[in-house]
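# An overview of the molecular structure
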Amino acid sequence: MAAANYHRSEDQFLCSICLDVFNDPVTIPCGHNVCKNCITEHWNTSDQYRCPICKKVFNTRPELHVNTLLSEMVGQFRDKAQQEASSSSSSELQESKPGEVLCDVCTGPKLKALKSCLDCLVSYCETHLEPHLTASRLKRHQLIDPVENLEDRMCTKHDKPLELFCKTDQTCVCMLCSVLDHKTHEFVPLKEEYEEKKAELEETEAEIQQMIQKRQLKIQEIKHSVDLSKDDADREMAEGVRVFTALKKSVERGRAELIDTIEKKLKTTEKQAEAFIKELEQEICELMKRSTEVQQLSRSEDHLHLIQRVQSVNSAPPTKDWTEVNVCQPLYEETVRNAVAQLEETLSEEMKKLVQAELKRVQQYAVDVTLDPDTAQPNLILSEDGKQVHHGDVTKNLPDNPERFSSCVCVLGKQSFSSGRFYFEVQVKGKTDWDLGVVRESINRKGLITACPEKGFWSICLRNGNEYKACTGPSVRPSLKCRPEKVGVFVDYEEGLVSFYDVDSAALIYSFTDCSFTEKLFPCFSPSLNSGGKNSAPLIISPVSDHPPPPAQERPLWAAPSL
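Rules and cut-offs
- Residues numbered from 1 in each chain as written.
- Predicted model: local features only at pLDDT ≥ 70, side-chain atom pairs only at ≥ 80, totals over all residues.
- Heavy atoms only, no water.
- Pairing = 2+ DSSP bridges.
- Helix = DSSP H or I, 4+ residues; strand = E, 2+ residues; numbered from the N terminus.
- Salt bridge = Lys/Arg side-chain N within 4 Å of Asp/Glu carboxyl O.
- Buried < 20%, exposed > 50% of the residue type's maximum accessible area, 1.4 Å probe, protein only.
- Axes fitted to C-alpha atoms, helices over the stretch in contact; angles between N-to-C directions.
- Parallel < 35°, antiparallel > 145°, perpendicular 65-115°, else oblique.
- Left-handed = near helix turned anticlockwise from the far one by under 90°.
- Nonpolar A, V, L, I, M, F, W, Y, C, P; charged D, E, K, R; others polar.
- Arc of directions from axis to C-beta.
- Contact = heavy atoms within 4.5 Å.
- pLDDT = per-residue confidence, 0-100.
- Core = buried A, V, L, I, M, F, W, Y, C linked by side-chain atoms within 4.5 Å.
- Expected span 1.5 Å × (residues − 1).
- Polar contact = N/O pair within 3.5 Å; in protein donor to acceptor, adjacent residues only side chain to side chain.

## Side note on the sheet that holds strand β5 (residues 115-117)
Pairing within the open sheet is antiparallel, and its 3 strands lie in the order β6-β5-β7. Looking at strand neighbours, the two that pair on one side only are β6 (122-124) and β7 (143-144), the edges of this open sheet. Two elements, β5 and β7, share 2 bridges in a ladder whose sense is antiparallel. Paired with Cys 117 across the two strands is Leu 143, which belongs to β7.

## Structural notes on the pattern of salt bridges
Enumeration over the complete set of coordinates arrives at 19 salt bridges. Ionic pairing is found between Glu 193 and Lys 197, a salt bridge with its closest N-O pair at 2.1 Å. Of this pair, Glu 193 and Lys 197 both sit in helix α6 (residues 190-298), 4 residues apart, which is roughly one turn of that helix. Taking relative accessible area as the criterion, Glu 193 reaches 4% and is therefore assigned buried. Residue Glu 239 pairs with Arg 242 through a salt bridge whose shortest N-O separation is 2.7 Å. With Glu 239 and Arg 242 both in helix α6 and 3 residues apart, this pair spans about one turn of that helix. What makes Glu 239 partly exposed here is its relative accessible area of 29%. Connected through shared salt-bridge partners, Lys 167, Glu 193, Glu 196 and Lys 197 make up one network.

## Points about the packing of α6 against helix α8 (residues 332-362)
Working note: a packed helix pair is described by the angle between its axes plus the distance between those axes. At their nearest, the axes of α6 and α8 sit 9 Å apart, and the two run at 165 degrees to each other. The angle between the axes of α6 and α8 places the two elements in the roughly antiparallel class. Handedness of the crossing formed by α6 with α8: right-handed. Classifying every residue of the contact of α6 with α8 gives 13 nonpolar, 4 polar and 6 charged.

## Section: the sheet that holds strand β18 (residues 486-492)
Strands sit in the order β11-β12-β22-β14-β18-β19-β20 across an open sheet of 7 strands; the sheet is antiparallel. The strands lining the two open edges of the sheet, one partner per strand, are β11 (380-382) and β20 (507-512). The average undirected angle you get between the axes of adjacent strands in this sheet is 20 degrees. Both strand β14 (residues 421-427) and strand β22 (residues 539-542) contribute to a ladder of 3 bridges, which runs antiparallel. Bridge pairing links Val 426 to Ile 541 in β22.

## Considerations on helix α1 (residues 36-44)
When we look at burial in α1, the residues that qualify are Cys 38, Ile 39 and Trp 43. When α1 is viewed along its axis, its buried side chains cluster within an angular range of 125 degrees and face the same direction. What points out from α1, more than 90 degrees from its buried face, is the exposed set Glu 41 and Asn 44. Contacts from the buried residues of α1 go to β1 (25-27), β2 (33-35), β3 (49-50) and β4 (57-58).

## Observations regarding the confidence of the model for the protein chain
Per-residue confidence for the protein chain gives a mean pLDDT of 85; residues scoring 70 or more make up 91%. pLDDT under 50 marks residues 1-9. Its contacts with residues more than four places away, or in other chains, come to 26 contacts. Predicted confidence for residues 88-94 stays below pLDDT 50, and this span has 3 contacts to residues more than four positions away or in other chains.

## Here we look at the nonpolar core
Trp 434 and Phe 525 are the most contacted members of the largest nonpolar core, which totals 35 residues. For Phe 525, the contacting residues outside a window of four places in its chain are Val 369, Leu 371, Val 409, Cys 410, Val 411, Gly 413, Phe 424, Val 426, Asp 435, Leu 436, Leu 539 and Ile 541. Within the second largest apolar cluster, 18 residues are counted, among which are Cys 15, Ile 28, Val 34 and Phe 58.

## Quick look at helix α7 (residues 303-314)
In a regular helix each residue adds 1.5 Å, so 12 residues correspond to 16 Å; α7 covers 16 Å between its end C-alpha atoms and thus fits that length. For α7, the buried fraction is low: 1 of the 12 residues fall into the buried class. Where α7 begins, one side-chain oxygen reaches toward the backbone nitrogen of Leu 304, 3.2 Å away; that side chain belongs to Asp 302.

## Side note on the pairing of strand β15 (residues 434-440)
For β15, the buried fraction is high: 6 of the 7 residues fall into the buried class. Here β15 pairs with strand β16 (residues 457-463) via 6 bridges, running antiparallel. Residue Trp 434 lies in a different strand from β16, and its bridge partner there is Leu 462. In terms of strand pairing, β15 meets strand β21 (residues 521-526) through 6 bridges, oriented antiparallel. Looking at β21, one finds that Val 439 is bridged to Phe 522.

Next comes the structure, spelled out in structure tokens:
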């Protein structure tokens, strides 16, 4: 409510609740006048319908009506106050502004309060504060920055100042509360609890600031990661353009060579055909001459002449036997096949370069994986360092905990991953059967298991020494040029990618793409059965050498410190 200027003789126009000029004044049954909104809000927040002036309690909520006479008088007073306010100059600079705490002692224009006294429960302006600064008895009072609603600092039950803190009920109480309602509880002075709570707030603030700093660093890290991604994208685009440009040139060169070769073969065929045709035409010409001679002699009626000449024309002119003579048809399909084979070789070389670069890149995300003995099937034998596993002929007596495989000869890594990228390598040299990959946490570990993505397995395997399969359900047989001795496994959680590499030949074995990961992933290893010693070699988790870890800003999110 807007403040106004008023005189000491006009104090009757002030509401005892808001200490301002009445606005819609109402008269409550006990006879006191207050603002309609003020008394309504007061009763809405109180458990009793009590007069804030005389403290009289009403059993039912009184019905309120605006006091018309008082409202008109207040209106006249407001008009007069506004006229006086327009002529006032120096006093305005001292009066309070809307929103500021008012002095409770001022009877004229309400001035801005400088302090509130927790002992007197009164707010004082500069003038009325003077006794608290000079009188020895009042100097002991506790002054604070001005606050409104000092009545909230009074006990609603005993109408006494709230001076103690009940640790048992975690609430502020007065002295009477401590000896009546809370007499068996633990109390401390408000100041002591204030200091404790203040220390807690300072500690909380320090923690919040630390969290803010960590998140600001994370923002910088993310922005830097975006910059690195842009650099990677530019580099990959440049490399892609180079590769496709080289392939385009190779295709164009192969096409030109193909056309040139075919055209040369065609020209050779045409020349051969032309030579045959020319020779045949010459023989035809000779035969036609002989035919003419034969026809002329046959029409002769000179007996002696025909007999003498017939011997010479009866013999055919010398000619070639053309029965076995053919024009050689060139095999253009072979020419095309050779050209495509050359292109395929070029493409294979470029692909090998790309896979080599890709393998080096994913090896930067190498993690240290160790085997978890609590998941190992009872026939499996693990090394002390947790890096090797092979199948034994004796079934160990181990607790059948939920994490352990009961039948399938599998063991999981201790480390789990739920975001980012990770890579590890496993030596499979000397084995005839094995399985490698990653699994989700909730897989079935009891009884016989079918390994496929639908069951939570993303893996590849070797069977019978030469049958490599990707366990896709139904399985897929990848094309391998050589027998892998060390297999690299790379996972990009967010991209839904699981890739397997032949580390030594830097070749991609198989990739699971568009996977949907929603749980923790664990590395999974199966050395398969011993097979009477034929498959006794262990699976060995090998260190990824000569590949330093990525810088901090490139590390996967799972390696970042918790916030």
